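One letter stands for each residue in the lines below.
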Amino acid sequence: MDEKKIFSYVNFAVKAGDVVYGIDNIKQTKKHIYCVILSITATQNLTHSVTNFCNKLDLPLIILQQSSVDGLLHTNNCKVIGLTNESLARQIVYLNSLEE
């Protein structure tokens, strides 16, 4: 997966305010989530929780293999984000599917 391209799309979403940070906020948001991105450094419990949530709502889940979400966003201890911009999320899912 070309994570540099994915990072650029995520940065666009951050600048546009179309990112929800953390699994609790993702579960409670009133906005529609189109894609969930999980860090490879997430704990097993968090990974299980996010996977179940995405399977339940049929959301695409992207697990970053080479870097972490908090490194991408320059934040501390952020392991999962949700994208609320449909076109950016669709492009990220497309980029992820090319590599699988």
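Residues numbered from 1 in each chain as written. Predicted model: local features only at pLDDT ≥ 70, side-chain atom pairs only at ≥ 80, totals over all residues. Heavy atoms only, no water.

A. Representation of the overall build of the chain in the model. On a plain count of helices and strands, the chain comes out with five helices and four strands. The helix and strand sequence of the chain, counted from the amino end, reads α-β-α-β-α-β-α-β-α. Its C-alpha atoms put the chain at 25 × 25 × 25 Å along the principal axes. Looking at the chain as a whole, 42% of its 100 residues are labelled buried. Counted over contacts in the chain with a minimum sequence separation of 6, partners at least 24 positions apart contribute 78%. Put simply, the chain shows about 6,000 Å² of open surface, and 48% of that area lies on carbon and sulfur atoms. (Helix = DSSP H or I, 4+ residues; strand = E, 2+ residues; numbered from the N terminus. Buried < 20%, exposed > 50% of the residue type's maximum accessible area, 1.4 Å probe, protein only. Contact = heavy atoms within 4.5 Å. Areas by Shrake-Rupley, 256 points an atom, 1.4 Å probe, with all protein chains shown as cover.)

B. Spatial organisation of the confidence of the model for the chain. Looking at the chain, pLDDT values average 88 and 91% of them are 70 or higher. Across the chain, the secondary-structure element scoring lowest on mean pLDDT is helix H4 (residues 69-73), at 69, and the one scoring highest is helix H3 (residues 44-57), at 95. (pLDDT = per-residue confidence, 0-100.)

C. Region of the structure containing the side chain of aspartate 18. Along the chain, aspartate 18 falls in the loop between helix H1 (3-16) and strand S1 (19-21). One buried charged side chain, aspartate 18, makes no salt bridge at all; its nearest oppositely charged neighbour is lysine 31, positioned 5.6 Å away. Of note is the side chain of aspartate 18, whose polar atom sits 3.0 Å from the side chain of asparagine 85. (Lys, Arg positive; Asp, Glu negative; His and termini not counted. Salt bridge = Lys/Arg side-chain N within 4 Å of Asp/Glu carboxyl O. Polar contact = N/O pair within 3.5 Å; in protein donor to acceptor, adjacent residues only side chain to side chain.)

D. Local environment of the environment of aspartate 24. Looking at the element boundaries, aspartate 24 is found in helix H2 (residues 23-28). Through-space distance from the C-alpha of aspartate 24 to that of asparagine 45 is 13 Å; in sequence the pair is 21 residues apart.

E. Geometry of the nonpolar core. With 18 residues, the main nonpolar core has Val10, Ile37, Val69, Ile81, Leu83 and Ile92 as its most contacted residues. Elements with a contribution of two residues or more to this core: H1, strand S2 (35-39), strand S3 (61-64), H4, strand S4 (80-83) and helix H5 (86-99). Non-local contacts of isoleucine 37, meaning those with residues more than four positions away in its chain, are made with Val10, Ile62, Leu64, Val69, Lys79, Val80, Ile81, Leu83 and Ile92. (Core = buried A, V, L, I, M, F, W, Y, C linked by side-chain atoms within 4.5 Å.)

F. Up close: the sheet that holds S4. The strand order across the open sheet formed by four strands is S1-S4-S2-S3, and the pairing between neighbours is mixed. Strands at the two margins of the open sheet, each flanked by one partner only, are S1 and S3. Strand-to-strand, the axes of this sheet are offset by a mean angle of 25 degrees, without reference to chain direction. Summarising the sheet, S1 and S4 pair through three bridges and their orientation is antiparallel. By the bridge assignment, valine 20 is partnered in S4 with glycine 82. Along the sheet face, H1 touches S1, S2, S3 and S4 and points at about 95 degrees away from the line of S1. (Pairing = 2+ DSSP bridges. Axes fitted to C-alpha atoms, helices over the stretch in contact; angles between N-to-C directions.)

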